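Observations on the three-dimensional arrangement
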Amino acid sequence: MPMNAQGRPSAPDAVEHIEIPTISGDRGLDHEEPLIFELGRECVTGVDIPQVQISDERLGNLRRRAPIGLPGLSEPEVVRHYVRLSRMNYAIDAGLYPLGSCTMKHNPRLNEKMARLPGFGDVHPLQPQQTVQGAFALISDLMRWLTTLTGMPAVAMWPKAGAHGELCGLLTIRAALEARGEKRTRVLVPSSAHGTNPATAALAGFTVDEVPATDDGHVDADALEAKLGPDVAAIMLTNPNTCGLFEPRIKEMADAVHKVGGYFYCDGANFNAIAGRVRPGDLGVDAMHINLHKTFSTPHGGGGPGAGPVVLSAALAPYAPLPLLVHDGNELRLLEDRDAMPSGAQPFGRMCAFQGQMGMFVRALSYMLSHGADGIRQASEDAVLSANYILASLKDTMSAPFGDGPCMHEALFDDTFLHDTGVTTLDFAKAMIDEGYHPMTMYFPLVVHGAMLIEPTESESKESLDRFIHVLRALAEEAKAGKRERFEGAPRLAPRRRLDETAAARKPILRWRPAELPQAAE
Ligand SMILES: *Cc1c(COP(=O)(O)O)cnc(C)c1O
């Protein structure tokens, strides 16, 4: 097989599996594409740049001695390169994206149009405050939507992702405890929690104490109460939880934590299931991040961009991070100076250099205004309906550990149905790629074996769900019938075959070097 300079196959292996291998290595409209460094030639350029006179004296020994080594390509070559790469990609705009916990929903184009309006798109964080009153008004409106939807009195807008919001929430809790003169060290985290929850608690200086799940996929409320004591700073619960189930005893758990003086942090990543129907404030939540990029649209593949505002209860509101956005007469103003705080405010510090993710705020508010309160509620209901349709349609063929009752916005399966077939959850997910689907979330949550977590969201039509169900059902039946070939080594039809994902994550090679230099992992 031809290898590129990084030791990766430079032609799709799949060519071997079709009957007529092509001469070019391309397959119809699927083009093979090397790295841009392999394509480029140093003698070529797409732009004419005037020769610059560089004075040695001014650069001293920093003057570059060798050519910079950037690939030289003409404009059409660059355009083709990126278009070809984009065609190897999977996106919600290309097909159903069932990744559980991630809420991969349609991003209305209206959002993009609004975010690109020059008054929002070109705003600079160092502009004088009088010149960005419109942007502040937008943030202020979004704050009102978030506090209204959650039934919470305050919100810190600035965290830049869900995990950043978790950190903001726990730092707020830590500040509140310090103000009470208490040193509490323990944070209770259920075994079904997203990995960011225990990581955040540890980063904020707490020790993590795991709460087990019951056999029906809920947090074990009795085990939780048994763990409560005067050293408990907080619990971190996800609701609906990561098994896709609403926690029926959530109010009881919140009360118990409050009784011992702790706070209730809710991971709000699953808010899409309940927005417009349940107000977390009514459940006793003290702090909850909202992944604007999940619940209120915005494309979020590849790690960004995102925004994770944190709504806060009255008990935590005084400790919200800087800056504070306040109405001052006819003006909106950012208060940044700790010495000039309104009475009672004791911000714990800052979460980021400036004022959060403006583009995300515009998209989220566009989404809210275009849906309206009733539309947001309808979106949640439809997301739950879609997930239940999948659960009900597949639970006789695949195995649903908690499939007796309805689920919320995601359907959880385990690998019991693959028992003795020699096919694993990973094989099953990779076979979905050959069928034109992005895999579901795999091996999370950890509380079930070989988990497959499917979140269709409200974006899909019944026809689209039926087609997806048909494919999964057929794949499950093939696995059970012992047809392992389809699964072994899948995907076969993707631009790349199965990758060593552990090595890719642990030893990524992030910098290109010419083939003659050693290829160190960096
Ligand atoms: C996505 C997610 C997070 C983290 O959010 P990011 O925006 O990716 O940082 C935390 N908890 C749960 C349950 C999630 O699904």
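Read on for an overview of the structure. For clarity, every value in this text was computed on a predicted model and none was experimentally measured.

Turning our eyes to something else, we now look at the site of the ligand. Around the ligand, the neighbouring residues are Ser101, Ala161, Gly162, Ala163, Glu166, His194, Thr196, Asp267, Ala269, Asn291, His293 and Lys294. Residue Ala163 places a main-chain N or O atom 2.8 Å away from an oxygen atom belonging to the ligand. The contact in question runs from an oxygen atom of the ligand to an N or O atom on the side chain of His293, over 2.8 Å. In isolation the ligand offers 380 Å² of accessible surface; the protein chains occlude 85% of this area. Of all the secondary-structure elements, those providing two or more residues to the shell around the ligand are α7 (162–179) and α11 (292–295). It is α7 that contributes the most residues to the shell around the ligand, three residues altogether.

Looking now at helix α14 (residues 462–480). Taking 1.5 Å of rise per residue, the 19 residues of α14 would be expected to cover 27 Å, and the 27 Å separating its terminal C-alpha atoms lies within 8% of that figure. Residues Ser464, Leu465, Phe468, Ile469, Val471, Leu472, Leu475, Ala476 and Ala479 constitute the buried set of α14. What you see down the axis of α14 is that its buried residues fit within an arc of 160°, all on one side. Turned more than 90 degrees away from the buried face of α14, the exposed residues are Glu463, Arg467 and His470. Along its buried surface, α14 packs onto α12 (358–394), α13 (425–434) and β12 (452–454). Among the residues trailing α14, Gly482 stands out with phi positive, at a value near 80°.

Reading the values: the criteria
- Residues numbered from 1 in each chain as written.
- Predicted model: local features only at pLDDT ≥ 70, side-chain atom pairs only at ≥ 80, totals over all residues.
- Heavy atoms only, no water.
- Near = heavy atom within 4 Å.
- Polar contact = N/O pair within 3.5 Å; in protein donor to acceptor, adjacent residues only side chain to side chain.
- Areas by Shrake-Rupley, 256 points an atom, 1.4 Å probe, with all protein chains shown as cover.
- Helix = DSSP H or I, 4+ residues; strand = E, 2+ residues; numbered from the N terminus.
- Expected span 1.5 Å × (residues − 1).
- Buried < 20%, exposed > 50% of the residue type's maximum accessible area, 1.4 Å probe, protein only.
- Arc of directions from axis to C-beta.
- Contact = heavy atoms within 4.5 Å.

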